[in-house]
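If you want the building blocks of each chain, they are given just below.
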Amino acid sequence: MGKERKKKKFEDDGRTIASMNFDYMGNTYRTKNKKIDNKNQANKRENLNITNKEKWAMIKALYLKLIPIVLIIFFSFFLAFFLLSLLW
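Below you will find a few notes about this structure.

### Considerations on the overall build of the protein chain
What the protein chain contains, in helices and strands, is two helices and zero strands. Taken across its 88 residues, the protein chain has 0% of its residues classed as buried. Working note: accessible area of the protein chain is about 10300 Å², and carbon and sulfur atoms make up 62% of it.

### What to know about helix α2 (residues 52-87)
Residue pairs three or four apart in sequence face the same way in an α-helix, which turns once every 3.6 residues. The terminal C-alpha atoms of α2, which comprises 36 residues, lie 52 Å apart, in line with the 52 Å expected from a rise of 1.5 Å per residue. Where α2 bends most, the angle comes to about 25°, and this point is Leu66, followed within four residues by the proline Pro68.

### Here we look at a nonpolar patch on the surface
A grouping of Leu62, Leu66, Ile69, Val70, Ile73, Phe74, Phe77, Phe81, Leu84, Leu87 and Trp88 is seen on the molecular surface, where their side chains present a nonpolar patch of about 1300 Å² in accessible area. Positionally, Leu84 belongs in helix α2.

### Regarding the packing of aromatic side chains
Under the criterion given, the structure shown has one aromatic pair. Plain terms: the ring middles of Phe78 and Phe82 are 6.2 Å apart, the flat faces sit at 15° to each other, and that makes the pair stacked. A residue pair is termed a helical-turn pair when its members lie 3 or 4 positions apart in one helix, as Phe78 and Phe82 do in helix α2 at four residues. What makes Phe82 partly exposed here is its relative accessible area of 42%.

What counts and how
Residues numbered from 1 in each chain as written. Predicted model: local features only at pLDDT ≥ 70, side-chain atom pairs only at ≥ 80, totals over all residues. Heavy atoms only, no water. Helix = DSSP H or I, 4+ residues; strand = E, 2+ residues; numbered from the N terminus. Buried < 20%, exposed > 50% of the residue type's maximum accessible area, 1.4 Å probe, protein only. Areas by Shrake-Rupley, 256 points an atom, 1.4 Å probe, with all protein chains shown as cover. Expected span 1.5 Å × (residues − 1). Bend = angle between axes of the 7 residues up to and from the residue. Patch = residues over 30% accessible without salt bridge, like charges linked within 9 Å, V, L, I, M, F, W, Y side chains within 5 Å. Salt bridge = Lys/Arg side-chain N within 4 Å of Asp/Glu carboxyl O. Phe/Tyr/Trp six-rings, centres within 6.5 Å; stacked < 30°, edge-to-face > 60°.

Purely geometric numbers; function is a separate question.
Given below as structure tokens:
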């Protein structure tokens, strides 16, 4: 048929086409110490000494701050769909 070619054995010369060092990838060793980080955060939360009344006041303030923003977003979507339905 034809000449059979012998495959050359692959030899790695150590060159890289693209650098695999990315700053935004983060520390890969952090996942090993994640339990330690969670324990430290739990200890910080325990040391705050917040009463239930203060905790619920903070939650209430959070919701009072978020409700107008959420309503504005929903109203703007409603208005956009309403205007688009009038045009078609």
